[in-house]
Amino acid sequence: MTGPAQRIPGAAALPPELRGGVVAIGNFDGVHRGHQAVVETLTALAAETGAPRLVLTFEPHPRTVFRPQHPVERLTPAPLKARLFGLLGVEAVVEQCFDLDYAAHPADAFVAETLHRDLGARHVVVGYDFRFGARRQGDLDFLRTRGRDLGIGVTSIAPFVDEGANTVSSSRIREDLMNGDVAAAAGLLGYRWTIEGTVGHGAKLGRTLGYPTANLGLPDDGLLAHGIYAVRLRRADGSLHDGVASYGRRPTFDNGAALFETFLFDFSGDLYGEAVSVSLFGFIRGEERFESAEALIARMDIDAAEARALLSGVRPLSPLDAALAF
């Protein structure tokens, strides 16, 4: 396990020492178990020749570019995606700027320019249904044929299915999170879903209730169900702290903008302005409105006890999970 993968702002900016690599291509939102299987294939191919291990992805998400009125709610923003790929052994993530001009390039230009000229790709790894180029005119057969002309090998990956024989997908994980089922999401991700951010100032209501919190804003408010969660926070120094988090609009008080507010057990430090990550281990209950602050405090006491109990028995789901949250 290593640190974050190097982030490269587009194929044309690839440093010379990273040319000639094995390149996995896709959006990879979530870096879930299916994406991790792609990285395993990437790693095996690169090991045969000692080639660099690269991921080519697109920013912003192409579906957001084509349908800006319905942006994709991101499971893993670009910085977290690079961190996850780095932990999996990828050396660099090439974040190709995707706009309507780039989308209009023909399929041959993607292979000849982005893959061959800019990346110097030795081999690419793609999904079985990979399509590319203007009007999605490029497919796997085209990629193999054109790649053969340019000395680029091609490996395609079959869909990754879970223990129930259902395909693991980012859309399934989003649905689980929208329902608050972070345990099911973790089963598909292969790690506890994690958010990153800088701790900011809130209304400090928690402090008045005896539950001071570290507050984060989620970039996509519609992604996670409002409610109470058992969580583990990692500070910038690497230290881990268990806690209970509330995500929502505080209906008992102001019904304001949604915040992710984390109360850490047995902790009294100051986290304001600090970059942290928070991993979600379990859903305790949905957000509720209470008739009084006293009733809310009584329920928060129960929530904290339930979160402590849940976190006391957790174990890593994978080496990636261990690196993130243990």
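Look above for the structure.
Here's a quick rundown of the structure. Within every chain, residues take consecutive numbers counted from 1 along the sequence as written. Where local features are concerned, this predicted model is filtered to residues with pLDDT of at least 70; where side-chain atom pairs are given and counted, the filter is 80 or more; whole-chain, interface and lining totals use all residues. To get the side-chain values, all heavy atoms of the structure are used, and hydrogens and water are removed first.

1. Regarding the pairing of strand 3 (residues 53–59)
Moving residue by residue along a regular strand, the side chains alternate between the two faces of the sheet. What counts is decided by this rule: Each residue is placed in one exposure class: buried if its accessible area under a 1.4 Å probe, protein chains only, is under 20% of its type's maximum, exposed if it is over 50%, and partly exposed if it falls in between. Helix and strand assignments come from DSSP, with helices taken as H or I runs of at least 4 residues and strands as E runs of at least 2, each series counted from the N terminus. Two strands are said to pair when DSSP picks up at least two bridges between them. With its strands directed away from the observer, a crossover is right-handed exactly when the path from the first strand over the helix to the second travels clockwise.
Most of strand 3 sits out of view: 6 of its 7 residues are buried. Inspection of the sheet shows strand 2 (residues 22–25) paired to strand 3 by 4 bridges, in the parallel sense. In the strand pairing of strand 3, V23 is matched with L54. Crossover connection from strand 2 via helix 1 (residues 33–49) to parallel strand 3: handedness right-handed.

2. A few points about the sheet that holds strand 8 (residues 214–216)
So the rule is basically this: To get an axis, fit a line to the C-alpha atoms, keeping to the stretch in contact for a helix; angles then go from 0 to 180 degrees between the N-to-C directions. Residue contacts are defined here by distance: any two heavy atoms, one from each residue, within 4.5 Å place the two residues in contact.
Overall, antiparallel pairing links the 6 strands, which are arranged 7-12-9-10-11-8 in an open sheet. The open sheet terminates on both sides in strands that have one partner only, identified here as strand 7 (194–198) and strand 8. In this sheet, adjacent strand axes meet at a mean angle of 35 degrees when their direction is disregarded. Of the pairings in the sheet, the one linking strand 7 to strand 12 (residues 275–286) comprises 5 bridges and is antiparallel in character. Across the sheet, G197 pairs through a bridge with V276, a residue of strand 12. The strands touched by helix 10 (residues 293–312) are strand 9 (227–234), strand 10 (240–248) and strand 12; relative to strand 12, the strand with the most contacts, the crossing angle is about 110 degrees.

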